[in-house]
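Here are the chains, one letter per residue:
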Amino acid sequence: RMDFSAGLILILANLNFAHYILPGLLPPDSHALFRMKFITAFHANTNMSLMQGRLMANKLGDNKIEEFFRKALGNSDSRWLRKQKRLRNLLTHYLPDEQIVSDLQVDTTRVGAIERFGGGLSLDEIDALLNRNMVHLSGLIESGFNLAGDPFWIGKIS
């Protein structure tokens, strides 16, 4: 479906930018890189879940589409990410909202706040999860569009 395909292409471009381009532009331990990867992965999973819901609600999916979304969203990394709304809000808005502030100690660091709302995972564990998830989703979308490998060899793209 063209309307959903366009959305998936945008998600693919965002995932690949966050995973392949940004690490070359930002220091590997920068908060900005972590934030961009988290926000990109969170929104990719959330938006793909919305697409899946709409397709299924309108009975527009077939077995192949259902399997695609099951592979994309049915893994533990994706499920974990979609539950991290408070961490998403903290990383998107820079400052915690009142509810989050009440859950933090006065001397909590940025890393401490991320780990507090990261479901018991350390910053490094969350970062590894983000990388795994972005590669997983990107690979599935690429294979769905037959983009696996290098599609720009002469004769592959017409």
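Shown above is the structure to which this text applies.
Student: Give me the lowdown on the environment of Ile 39, citing residues and values where you can.
Tutor: By the element assignment, Ile 39 lies in helix H2 (residues 31-57). For the pair Ile 39 and Leu 91, spaced 52 residues apart in sequence, the C-alpha to C-alpha distance is 7.4 Å. Those residues in contact with Ile 39, other than ones at most four positions away along the chain, are Leu 91 and Thr 92.

Student: Quick rundown of the nonpolar core? Include the residues and the values.
Tutor: One recurring pattern in soluble globular proteins is that nonpolar side chains are buried together. With 37 residues, the main nonpolar core has Phe 38, Met 48, Leu 81, Leu 87, Ile 126 and Ile 141 as its most contacted residues. Counting residues per element, the ones that place at least two in this core are helix H1 (2-25), H2, helix H3 (63-73), helix H4 (76-82), helix H5 (85-93), helix H7 (110-116) and helix H8 (123-144). Among the elements that take part in this core, H2 stands out by supplying ten residues, more than any other.

Student: How would you summarise the pattern of salt bridges if you had to cite specific residues and measurements?
Tutor: What the rule picks out here adds up to three salt bridges. With a closest N to O distance of 2.7 Å, Asp 127 and Lys 37 form a salt bridge. Here the residue Asp 127 occupies a position in helix H8, and Lys 37 occupies one in helix H2, the gap between them amounting to 90 residues. You can call Asp 127 partly exposed: its relative accessible area is 22%. On the basis of relative accessible area, Lys 37 is assigned to the buried category, the value being 5%. Of the charged contacts, one joins Asp 77 and Arg 132 as a salt bridge, the two residues approaching to 2.8 Å between their closest N and O atoms. Pair noted here: Asp 77 is in helix H4 and Arg 132 is in helix H8, with a separation of 55 residues, a long-range link. Classification of Arg 132 as partly exposed rests on a relative accessible area of 45%.

Student: So, the packing of H1 against H2: which residues are in play, and what are the values?
Tutor: Look at H1 against H2: their axes get within 10 Å of each other, and the N-to-C directions meet at 165°. On the basis of their axis angle, the class for H1 and H2 is roughly antiparallel. Crossing geometry of H1 relative to H2 is assigned as left-handed. Only Leu 33, Met 36, Lys 37, Thr 40, Ala 44, Asn 47, Met 48, Met 51, Arg 54 and Leu 55 of H2 make contact with H1, whose side of the interface consists of Phe 4, Gly 7, Leu 8, Ile 11, Asn 14, Leu 15, Ala 18, Leu 22 and Pro 23.

Student: Which residues make up the side chain of Thr 40, and what values go with them?
Tutor: Within the element layout of this structure, Thr 40 appears in helix H2. Classification of Thr 40 by relative accessible area gives buried; the value is 15%. Once residues within four sequence positions are removed from consideration, Thr 40 is found in contact with Asn 14, Leu 15 and Ala 18.

Each value, and the rule that gives it
- Residues numbered from 1 in each chain as written.
- Predicted model: local features only at pLDDT ≥ 70, side-chain atom pairs only at ≥ 80, totals over all residues.
- Heavy atoms only, no water.
- Helix = DSSP H or I, 4+ residues; strand = E, 2+ residues; numbered from the N terminus.
- Contact = heavy atoms within 4.5 Å.
- Core = buried A, V, L, I, M, F, W, Y, C linked by side-chain atoms within 4.5 Å.
- Buried < 20%, exposed > 50% of the residue type's maximum accessible area, 1.4 Å probe, protein only.
- Salt bridge = Lys/Arg side-chain N within 4 Å of Asp/Glu carboxyl O.
- Axes fitted to C-alpha atoms, helices over the stretch in contact; angles between N-to-C directions.
- Parallel < 35°, antiparallel > 145°, perpendicular 65-115°, else oblique.
- Left-handed = near helix turned anticlockwise from the far one by under 90°.

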